[in-house]
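Spelled out from the first residue to the last, the chains are:
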Amino acid sequence: MLHEYRDEISILKQENAHFAKIFDEHNELDQKIQDIVEGREHATDMELSELKRKKLELKDEAYAMVMEYIKEKK
């Protein structure tokens with residue numbers, strides 16, 4: 001997630017507990033979605049769509065926090 005901001009993410013994960021939580025939750029959802037897509041877990045199409053929606057929300061929130069961090073560092 002947001003690989004181009006690897007340095008900022010590393011700092012935020014250490015300094016901001018909320019950021020670390022949403023980052024970890026995003027990664028857990030990513031793995032769960034991958035497991036469903038590859039057949040290791042089962043879910044309905046609706047459940048899979050909901051997981052993807054939640055993952056995107058977390059990514060958007062993390063991105064906003066990274067952008068705010070970069071803005072504050074200038």
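The following paragraphs examine the structure supplied in this document. (Residues numbered from 1 in each chain as written. Predicted model: local features only at pLDDT ≥ 70, side-chain atom pairs only at ≥ 80, totals over all residues. Heavy atoms only, no water.)

Contact geometry of helix H2 (residues 17-37) with helix H3 (residues 45-73) gives a least axis separation of 9 Å together with a crossing angle of 150°. Judged by the inter-axis angle, H2 sits roughly antiparallel to H3. The way H2 lies across H3 gives a crossing that is left-handed. From H2, His18, Phe19, Ile22, Glu25, His26, Leu29, Asp30, Lys32, Ile33 and Ile36 reach across to H3, where they touch Leu48, Leu51, Lys52, Lys54, Lys55, Leu58, Lys59, Glu61, Ala62, Met65 and Val66. Residues that form the contact of H2 with H3 fall into these classes: eleven nonpolar, two polar and eight charged. (Axes fitted to C-alpha atoms, helices over the stretch in contact; angles between N-to-C directions. Helix = DSSP H or I, 4+ residues; strand = E, 2+ residues; numbered from the N terminus. Parallel < 35°, antiparallel > 145°, perpendicular 65-115°, else oblique. Left-handed = near helix turned anticlockwise from the far one by under 90°. Contact = heavy atoms within 4.5 Å. Nonpolar A, V, L, I, M, F, W, Y, C, P; charged D, E, K, R; others polar.)

Further remarks concern H2. Look at H2: 30 Å from first C-alpha to last across 21 residues, which is about the 30 Å you get at 1.5 Å a residue. Listed as buried for H2 are Phe19, Ala20, Ile22, Phe23, His26, Leu29, Ile33, Asp35 and Ile36. Looking at the buried side of H2, the elements it contacts are helix H1 (6-15) and H3. At the N-terminal end of H2, a side-chain oxygen is found 3.0 Å from the backbone nitrogen of His18, two or three residues along, and the residue is Asn16. (Expected span 1.5 Å × (residues − 1). Buried < 20%, exposed > 50% of the residue type's maximum accessible area, 1.4 Å probe, protein only. Polar contact = N/O pair within 3.5 Å; in protein donor to acceptor, adjacent residues only side chain to side chain.)

Running from N to C, H1 and H2 cross one another at 115°; their axes reach a closest spacing of 5 Å. You can see that H1 and H2 cross each other, and the crossing is left-handed. From H1, Ile9, Leu12, Lys13 and Glu15 reach across to H2, where they touch Ala17, Phe19, Ala20 and Phe23. Residues belonging to the contact of H1 with H2 are distributed by class as follows: six nonpolar, no polar and two charged.

Side chains that are nonpolar tend, in soluble globular proteins, to be buried together. The biggest cluster of nonpolar side chains holds 17 residues, and the ones touching the most others in it are Ile9, Phe19 and Val66. If you tally residues by element for this core, the top one is H3, at seven residues. (Core = buried A, V, L, I, M, F, W, Y, C linked by side-chain atoms within 4.5 Å.)

Here we come to H3. Residues spaced three or four apart along an α-helix point in a common direction, a consequence of the helix completing one turn every 3.6 residues. With 29 residues, H3 ought to run about 42 Å at 1.5 Å a step, and its terminal C-alpha atoms sit 42 Å apart, in line with that. Three or more residues of H3 are buried, namely Leu48, Leu51, Leu58, Ala62, Met65, Val66 and Tyr69. Tucked into the core, H3 has its buried residues touching H1 and H2.

Without other data, these values stay purely geometric and don't point to any function.
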